[in-house]
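Descriptive structure summary
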Amino acid sequence: YLGRYGAVASDFLKIVLKKAILASVGVSVLWLLMSPFLAVYFREASILPFIIFTPVWLVGAAAAVDEGFISGNHKFEFVGLMLIVEATSRLVYTWILVNFGLLDYVYSAVPAAILTAFFTGWFYAVKVNKQVKKVEIAEFSFPLKFLVNSLIAKISIVAFVSLDVILAKHFLSSEEAVKYAI
């Protein structure tokens, strides 16, 4: 059971997943609308890299919900498998793009790997969900405080790890920014 709400985790999953998908669609639309401005800010000649990155926003929240659901049901072998699938698929997609001479599109390996990991996680979330005993769903509210705290923690990690690289990309030439990142 899900603590004070008296609902099974699978019922909670449906509600949270629906809200995560709605939020993801909103962020994706906002990202697409901001793409021309981001291209100018990062001195990119094309908005294509930003458009190709859109699936990350589209499935990112749903993937996090699936991973949380799987972790919450103590299926850590599936979580580990999802991490391995994402890393391996990123390497494979990069290798394929490089070997086919598509060096200008190597960055698309990241969203492709995230999509692959998402579908892997979704497959296992459905599998775990079938194993959970069903009961009548109770009325409960969305855990907004938890969501806000989680988002702040994740954004902090991303900021500490990559904000300097983003600023380097803005203020330095592409070649200098790559050298800085390495």
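On a predicted model such as this, the values are computed, not experimentally measured, just so you know. (Residues numbered from 1 in each chain as written. Predicted model: local features only at pLDDT ≥ 70, side-chain atom pairs only at ≥ 80, totals over all residues. Heavy atoms only, no water.)

**Thoughts on the overall build of the chain**
In terms of regular secondary structure, the chain is built from seven helices and zero strands. For the chain, the N- to C-terminal ordering of α and β elements is α-α-α-α-α-α-α. Across the chain, every contact between residues at least 6 apart in sequence was considered, and the portion connecting residues at least 24 apart equals 70%. For the chain, the computed accessible surface area is about 12200 Å², with 73% contributed by carbon and sulfur atoms. (Helix = DSSP H or I, 4+ residues; strand = E, 2+ residues; numbered from the N terminus. Contact = heavy atoms within 4.5 Å. Areas by Shrake-Rupley, 256 points an atom, 1.4 Å probe, with all protein chains shown as cover.)

**Remarks on the packing of aromatic side chains**
For the structure shown, the criterion picks out seven aromatic pairs. A centroid spacing of 4.9 Å and a plane angle of 90° characterise the contact between tyrosine 41 and phenylalanine 42, whose relative ring orientation is edge-to-face. Take phenylalanine 42: its relative accessible area is 16%, and that puts it in the buried class. Where phenylalanine 53 meets tryptophan 57, the ring centres are 6.0 Å apart and the plane angle is 75°; that geometry is what we call edge-to-face. Here phenylalanine 53 falls in the partly exposed class, since its relative accessible area comes to 28%. (Phe/Tyr/Trp six-rings, centres within 6.5 Å; stacked < 30°, edge-to-face > 60°. Buried < 20%, exposed > 50% of the residue type's maximum accessible area, 1.4 Å probe, protein only.)

**Here's the deal with the environment of tyrosine 41**
Mapping tyrosine 41 onto the fold places it in helix α1 (residues 9-41). Residue classification places tyrosine 41 among the partly exposed positions, given a relative accessible area of 35%.

**Brief notes about the confidence of the model for the chain**
This prediction gives the chain a mean pLDDT of 75; 70% of its residues lie at or above 70. Averaged pLDDT values for the elements of the chain fall to 66 in helix α7 (residues 174-181) and rise to 86 in helix α2 (residues 48-52). (pLDDT = per-residue confidence, 0-100.)

**Considering helix α4 (residues 76-99)**
Along its 24 residues, α4 runs 34 Å from first to last C-alpha, staying within 8% of the 34 Å computed at 1.5 Å per residue. For α4, the full list of buried residues reads Phe78, Val79, Met82, Ser89 and Leu97. Phi for glycine 101, located one or two positions after α4, is positive at around 75°. (Expected span 1.5 Å × (residues − 1).)

**A closer look at unusual backbone geometry**
Although it is not a glycine, arginine 43 sits at a positive phi angle of roughly 55°. Tracing the sequence through the fold places arginine 43 in the loop between α1 and α2.

**What about the side chain of threonine 120?**
Inspection of the secondary structure assignment puts threonine 120 in helix α5 (residues 109-131). With a relative accessible area of 15%, threonine 120 lands in the buried category. Within the local environment of threonine 120, its side chain forms a polar contact with the backbone oxygen of threonine 116, the two atoms lying 2.9 Å apart. If sequence neighbours within four positions are ignored, threonine 120 has contacts with Met82 and Val85. (Polar contact = N/O pair within 3.5 Å; in protein donor to acceptor, adjacent residues only side chain to side chain.)

**As for the nonpolar core**
Proteins that are soluble and globular tend to have nonpolar side chains buried together. Val65, Ile70 and Phe118 are the most contacted members of the largest nonpolar core, which totals 19 residues. Mapped by element, the contributors of at least two residues to this core are α1, α3 (54-72), α4 and α5. Sort the elements by how many residues they give to this core and α3 lands first, with seven residues. Valine 65 has contacts with Leu13, Val16, Leu17 and Ala20, leaving out every residue within four places of it along the chain. Trp31, Ala39, Phe42 and Phe50 belong to the second-largest nonpolar core, a separate cluster that totals five residues. (Core = buried A, V, L, I, M, F, W, Y, C linked by side-chain atoms within 4.5 Å.)

**Concerning the environment of isoleucine 47**
Within the fold, isoleucine 47 resides in the loop between α1 and α2. Here isoleucine 47 falls in the partly exposed class, since its relative accessible area comes to 33%. Residues isoleucine 47 and leucine 32, spaced 15 residues apart in sequence, show a C-alpha to C-alpha distance of 9.2 Å.

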